[in-house]
Amino acid sequence: MQNAILVLNAGSSSLKFSLFADHPDEPELQLRGQIEGLNGAPHFIARDTAGTILDERRWADGTQLGHDGAAHHLVEFLQDYRDRYRLLAVGHRVVHGGQEYSLPVRVDAELLKKLEKLIPLAPLHQPHNLAPIRALAERAPQLPQVACFDTAFHRRQPELAQLFALPPSITERGVRRYGFHGLSYEYIASVLPQFAPEAAAGRAVVAHLGNGASLCAMAAGRSMASTMGFTAVDGLPMGTRCGNLDPGVILYLMDELKMNARAIETLIYKESGLLGVSGISSDMRELLDSDAPRAALAVDLFVYRIGREIGSLAAALGGLDALVFTGGIGEHAAAIRERVCRDAAWLGLAFDEAANEAGGPRISTASSPVSAWVIPTNEELMIARHTRQTISST
């Protein structure tokens with residue numbers, strides 16, 4: 001029987017899971033899956049590392065399974081593996097750790113209360129992240145749980161990089177730049193030395209490009225600045241999120257269009273970005289395959305904003321040694337990588353078209369002063385690492 005760590009990533013209508021065997025050197029993935037459609041048409045599927053389906057179930061349309069029901073079903077599913085794995089702990093991705101948490105933390109009732117107070121800072125993410133934690137605490141109170149924060153990697157940024165130009169009375173309430181996708185960036189920082197030791201010890205901009213998208217400036221593996229700020233709607237245009245927006249636009253929407261806070265929230269989180277500009281889809285694959293002018297406009301805007309932000313982060317670093325692509329778009333959309341790299345030629349990046357088409361890992365020429373890389377991220381493994389270390393030290 002092997003010791004194992006369960007990793008959970010809860011969204012608004014889904015619960016993704018991964019089970020890792022606790023090997024001495026590195027947690028090793030054994031199986032993964034998800035339960036999606038929690039609030040209407042639940043669908044459970046689990047696969048092994050080869051992609052073979054181990055189990056699958058569908059519930060009737062209209063079934064409100066919720067996170068509690070999803071956690072219950074997942075525990076029941078794992079019972080079939082209790083003769084092979086001894087579950088040591090569960091690690092959770094939690095979007096917001098606020099100003100207090102710069103490291104993973106073992107969950108207790110007091111921590112849950114503190115994390116609930118951060119819901120106003122991430123109202124579309126935090127409640128769903130906390131739901132399976134509560135469900136498992138009720139069902140298996142003896143099972144250790146660890147919260148791993150997407151903001152934690154950025155907490156060591158210079159103070160100036162975290163500040164808005166607002167009065168202290170507002171800043172002291174926690175209104176500052178936090179940055180997100182930290183678990184992804186932390187993983188990239190941990191493996192970059194294997195690909196580019198000099199760049200890992202120097203200045204790198206990492207582009208986590210997916211349905212959610214952001215950039216992070218790193219110096220010697222430490223976060224120095226990021227495009228996401230107070231919320232995960234800031235920075236780059238994303239699948240359905242608008243990215244950077246003049247605050248005056250919000251005032252205009254309120255005064256002239258009479259939109260309230262909830263209507264604006266829906267607009268900037270769910271109806272903007274690639275979907276809003278194109279009017280077609282939030283999926284980059286569909287936009288790249290489309291001949292529609294507005295699909296091309298959405299892609300052009302996405303690439304343009306990435307180029308502008310790379311310049312901004314390079315300035316924050318005082319130069320650039322490497323550009324790293326990760327995330328669903330970053331890892332798989334060669335056309336986007338090519339356009340971004342060609343736009344970054346002014347920084348000294350010499351692009352290698354053939355290497356890019358092959359998927360890298362290096363997609364710049366050998367002599368390029370600024371190297372470019374494609375490195376798959378692994379947030380689940382990062383959470384498993386953190387969970388093992390946290391329960392070992394407590």
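Numbering of residues starts from 1 in each chain and follows the order in which that chain's sequence is written. Residues qualify for local features only when their pLDDT is at least 70, as the model is predicted, and side-chain atom pairs are given and counted only at 80 or more; totals for whole chains, interfaces and linings, by contrast, use all residues. By convention in this description, side-chain values take in all heavy atoms of the structure and omit both hydrogens and water.

An unreviewed UniProt entry lists the protein chain under the name Acetate kinase, with Azotobacter beijerinckii as the source organism. UniProt positions are given in the numbering used here, feature names are shortened, and annotations may be inferred rather than shown by experiment. The Pathway (unreviewed entry) comment attached to the protein chain in UniProt states, word for word, "Metabolic intermediate biosynthesis; acetyl-CoA biosynthesis; acetyl-CoA from acetate: step 1/2." Listed in UniProt under the heading Subcellular location (unreviewed entry), the comment for the protein chain reads: "Cytoplasm".

S.K.: Mind laying out the UniProt feature "binding site: substrate" (unreviewed entry) in the protein chain, listing which residues take part and the relevant values?
M.R.: Within this numbering scheme, the UniProt entry marks Arg93 as carrying the feature "binding site: substrate" (unreviewed entry). A contact between two residues is defined here by any heavy atoms of the two lying within 4.5 Å. In this structure Arg93 touches Leu8, Asn9, Asn129, Cys148, Asp150, Leu183, Glu379 and Ile383, once residues within four positions along its chain are discounted.

S.K.: Can you lay out helix 1 (residues 66-79) for me, pointing to particular residues and giving the numbers?
M.R.: Along its 14 residues, helix 1 runs 20 Å from first to last C-alpha, staying within 8% of the 20 Å computed at 1.5 Å per residue. The cut-offs for exposure are 20% and 50% of the maximum accessible area for each residue type, with area from a 1.4 Å probe on protein chains only; residues under the lower value are buried, those over the upper are exposed, and the others partly exposed. For helices the rule is a DSSP run of H or I covering at least 4 residues; for strands it is a run of E covering at least 2, with both sets numbered from the N terminus onward. With respect to burial, helix 1 is a largely interior element, 10 of its 14 residues being buried. Contacts from the buried residues of helix 1 go to strand 1 (2-10), strand 2 (14-21), strand 3 (28-36), strand 4 (43-48), strand 5 (53-58) and helix 3 (126-139). Under the convention used throughout, the expected extent of a helix is 1.5 Å for every residue step, that is, one less than its residue count.

S.K.: Now, about the sheet that holds strand 8 (residues 145-149): what can you tell me, with residues and values included?
M.R.: DSSP bridges decide pairing: two strands pair if at least two such bridges lie between them. Across the sheet, which stays open at both edges, the eight strands sit in the order 5-4-3-2-1-6-8-7 with mixed pairing between neighbours. Edge positions in the sheet fall to strand 5 and strand 7 (105-106), since each has one partner strand and no second. Of the pairings in the sheet, the one linking strand 3 to strand 4 comprises six bridges and is antiparallel in character. Residue Arg32 lies in a different strand from strand 4, and its bridge partner there is Arg47. Packed on one face of the sheet, helix 3 meets strand 1, strand 2, strand 6 (85-94) and strand 8 and runs near 155° to strand 6. Lines fitted to C-alpha atoms define the axes here, with helix axes fitted over just the stretch in contact, and angles between the N-to-C directions of these axes take values from 0 to 180 degrees.

S.K.: Can you lay out the domain arrangement of the protein chain for me, pointing to particular residues and giving the numbers?
M.R.: Per the domain assignment, the segments of the protein chain are domain 1 (2-157) and domain 2 (197-374). Put simply, the middle of domain 1 and the middle of domain 2, counted by C-alpha atoms, are 28 Å apart. Listed by partner, the interface residues are nine residues for domain 1 and 14 residues for domain 2. Put simply, buried area is the surface a 1.4 Å probe can reach on two separate parts but cannot reach once they are joined, added for both. A buried area of about 970 Å², summed over both sides, lies between domain 1 and domain 2, and 61% of it is on carbon and sulfur atoms. In terms of surface lost to domain 2, no three residues of domain 1 exceed Leu124, Phe153 and Gln157, which account for 48% of the buried area on that side. Definition used for salt bridges: Asp or Glu carboxyl oxygen within 4 Å of a side-chain nitrogen of Lys or Arg. For the interface between domain 1 and domain 2, the tally reads zero salt bridges. Two N or O atoms count as a polar contact when they lie within 3.5 Å, although within protein this holds only if one can serve as hydrogen donor and the other as acceptor, and sequence-adjacent residues are included solely when both atoms are side-chain atoms. Linking domain 1 to domain 2 there are three residue pairs in polar contact (both at pLDDT 80 or more). Under the grouping applied here, Gly and all other residues not named as nonpolar or charged are polar, the nonpolar ones being Ala, Val, Leu, Ile, Met, Phe, Trp, Tyr, Cys and Pro and the charged ones Asp, Glu, Lys and Arg. Along the lines of polarity and charge, the residues of the side of domain 1 that touches domain 2 split into four nonpolar, four polar and one charged. Residue ranges for the domains originate in an automatic or database domain assignment.

S.K.: How would you explain the pairing of strand 8 if you had to name every residue and give the values?
M.R.: Across the five residues that make up strand 8, a large majority, five, are buried. Of the two faces of strand 8, the one carrying Gln145, Ala147 and Phe149 and the one carrying Val146 and Cys148 are both buried. By the bridge criterion, five bridges tie strand 6 to strand 8 in an arrangement that is parallel. Note on strand 8: the bridge partner recorded for Arg93 is Cys148. Direction of pairing for strand 7 relative to strand 8: antiparallel, over a ladder of two bridges. In the sheet register, Val105 faces strand 8, and the bridge partner there is Ala147.

S.K.: Report on the UniProt feature "active site" (unreviewed entry) in the protein chain, specifying residues and quantitative values.
M.R.: According to UniProt, the feature "active site" (unreviewed entry) maps to Asp150 in the numbering used here. The topology assignment puts Asp150 in the loop between strand 8 and helix 4 (159-162). Owing to a relative accessible area of 1%, Asp150 belongs among the buried residues under this scheme. Apart from the residues within four sequence positions on either side, Asp150 is in contact with Arg93, Val94, Val95, Gly179, Phe180, His181, Gly182 and Leu183.

S.K.: Just give me the short version of the nonpolar core, but keep the residues and values in it.
M.R.: Across soluble globular proteins, nonpolar side chains have a tendency to be buried as a group. In these notes, a set of buried Ala, Val, Leu, Ile, Met, Phe, Trp, Tyr and Cys residues joined through side-chain atoms within 4.5 Å is what counts as a nonpolar core. Leu115, Leu209, Phe302 and Ile336 are the most contacted members of the largest nonpolar core, which totals 56 residues. Looking at which element gives the most residues to this core, the answer is helix 12 (residues 293-317), with 10 residues. In this structure, Phe302 is in contact with Leu209, Ala213, Pro237, Leu274, Met284, Ile329 and Ile336, ignoring residues within four places of it in sequence. Within the second largest apolar cluster, 30 residues are counted, among which are Phe20, Ala322, Trp373 and Leu381.

S.K.: Help me get a handle on the packing of helix 1 against helix 3, residues and values and all.
M.R.: Packing of helix 1 against helix 3 leaves a shortest axis separation of 9 Å and a crossing angle of 55°. One element, helix 1, and the other, helix 3, form an angle in the oblique class. As for the relative orientation of helix 1 and helix 3, their crossing is right-handed in sense. When helix 1 is examined against helix 3, the residues His67, Asp68, Ala71, His72, Val75 and Glu76 are found in contact with a partner set consisting of His128, Ala131, Pro132, Ala135, Leu136 and Arg139. Class assignment for the residues of the contact of helix 1 with helix 3 results in six nonpolar, three polar and three charged. Orientation labels follow simple angle bins: below 35 degrees gives roughly parallel, above 145 gives roughly antiparallel, 65 to 115 gives roughly perpendicular, and whatever is left gives oblique. Left-handed is the label given to a crossing in which the near helix is rotated counterclockwise from the far helix by less than a right angle, and right-handed is the label when the rotation is clockwise.

S.K.: How would you explain the pairing of strand 13 (residues 371-374) if you had to name every residue and give the values?
M.R.: Burial along strand 13 is two-sided: Ser371 and Trp373 and Ala372 and Val374, pointing in opposite directions, are all buried. Where strand 12 (residues 322-326) lies against strand 13, four bridges are found, and the strand directions are parallel. What sits directly across from Leu323, in strand 13, is Ala372.

S.K.: Please set out the sheet that holds strand 10 (residues 213-219) residue by residue, giving values where relevant.
M.R.: Pairing within the open sheet is mixed, and its five strands lie in the order 11-10-9-12-13. If you trace the sheet from one side to the other, it starts and ends with strand 11 (222-226) and strand 13, each paired once. Between one strand axis and the next, the sheet turns through 25° on average, direction left out of account. Bridge count between strand 10 and strand 11: four bridges; the pairing is antiparallel. Bridged to Met218 within strand 11 is Ser223. Here helix 14 (residues 334-343) sits on the sheet in contact with strand 12 and strand 13, set at roughly 160° to strand 12.

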